[in-house]
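# Summary of structural features
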Amino acid sequence: MPRSGLFRNRIEIYVARLAAELVPASEFDTPVLPRNIVHAIRNVGRLLSKKDGNGKYVCTLCGKKGFTKRGLYLHLVRMHGDEIRDLVSKEGERILSKKKVCIE
Ligand SMILES: [Zn+2]
């Protein structure tokens, strides 16, 4: 996997867009990333936000509440970039290892 800063930065941006529901998870795809990473981005994106009773978003990584879509997106990219990349990388590996088990 390439390790350029640009590439790494994109991962949290993709995840944050999904978490903030700026893009539906089912529509997210990109030809520049391996399939397991695309799936990992979708899975992690779904986990990182929930809505409170007022329809505002809650960050599930730190519990901060009251975000608009745009607010949650910016919060995730600025505050949780490292954690998000870590989560995606672990989830990507988990998906790969699961696939290997299925093939064998
Ligand atoms: Zn947070």
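Structural data are supplied above this passage.
Residues numbered from 1 in each chain as written. Predicted model: local features only at pLDDT ≥ 70, side-chain atom pairs only at ≥ 80, totals over all residues.

## What about the overall build of the chain?
Assigned secondary structure in the chain consists of four helices and two strands. Helices (α) and strands (β) of the chain occur, in sequence order from the N terminus, as α-α-β-β-α-α. Relative to all contacts within the chain whose residues are 6 or more apart in sequence, the contacts with residues 24 or more apart total 57%. (Helix = DSSP H or I, 4+ residues; strand = E, 2+ residues; numbered from the N terminus. Contact = placed C-beta atoms within 7 Å.)

## Thoughts on the nonpolar core
In this structure, Val 15, Ala 19, Ile 41, Val 44, Leu 72, Leu 76 and Val 88 are the most contacted members of the largest nonpolar core, which totals 22 residues. Secondary-structure elements contributing two or more residues to this core are helix H1 (5-19), helix H2 (35-47), strand E2 (57-59), helix H3 (69-79) and helix H4 (81-103). Among all residues touching Leu 72, those that are not within four sequence positions of it are Ala 19, Ala 20, Ser 49, Tyr 57, Cys 59 and Phe 67. (Core = buried A, V, L, I, M, F, W, Y, C linked by C-beta atoms within 7 Å. Buried ≥ 20, exposed ≤ 12 C-beta atoms within 10 Å, placed from the backbone.)

## Some remarks on H2
Taking 1.5 Å of rise per residue, 13 residues should cover 18 Å, and H2 covers 19 Å from first to last C-alpha, within 8% of that figure. All buried positions along H2 are accounted for by Ile 37, Ala 40, Ile 41, Arg 42, Val 44 and Gly 45. (Expected span 1.5 Å × (residues − 1).)

## Regarding H3
Along H3, the positions that sit buried rather than exposed are Leu 72, Tyr 73, His 75 and Leu 76. Around the axis of H3, the buried residues are gathered within 165° of arc, so they sit on the same side. Exposed residues on H3 whose side chains face more than 90 degrees from its buried face are Arg 70 and Arg 78. (Arc of directions from axis to C-beta.)

## Some details on the environment of Leu 48
Along the chain, Leu 48 turns up in the loop between H2 and strand E1 (49-51). Since 22 C-beta atoms lie within 10 Å of it, Leu 48 is described here as buried. Linking Leu 48 and Val 58, residues 10 residues apart in sequence, is a C-alpha distance of 8.4 Å.

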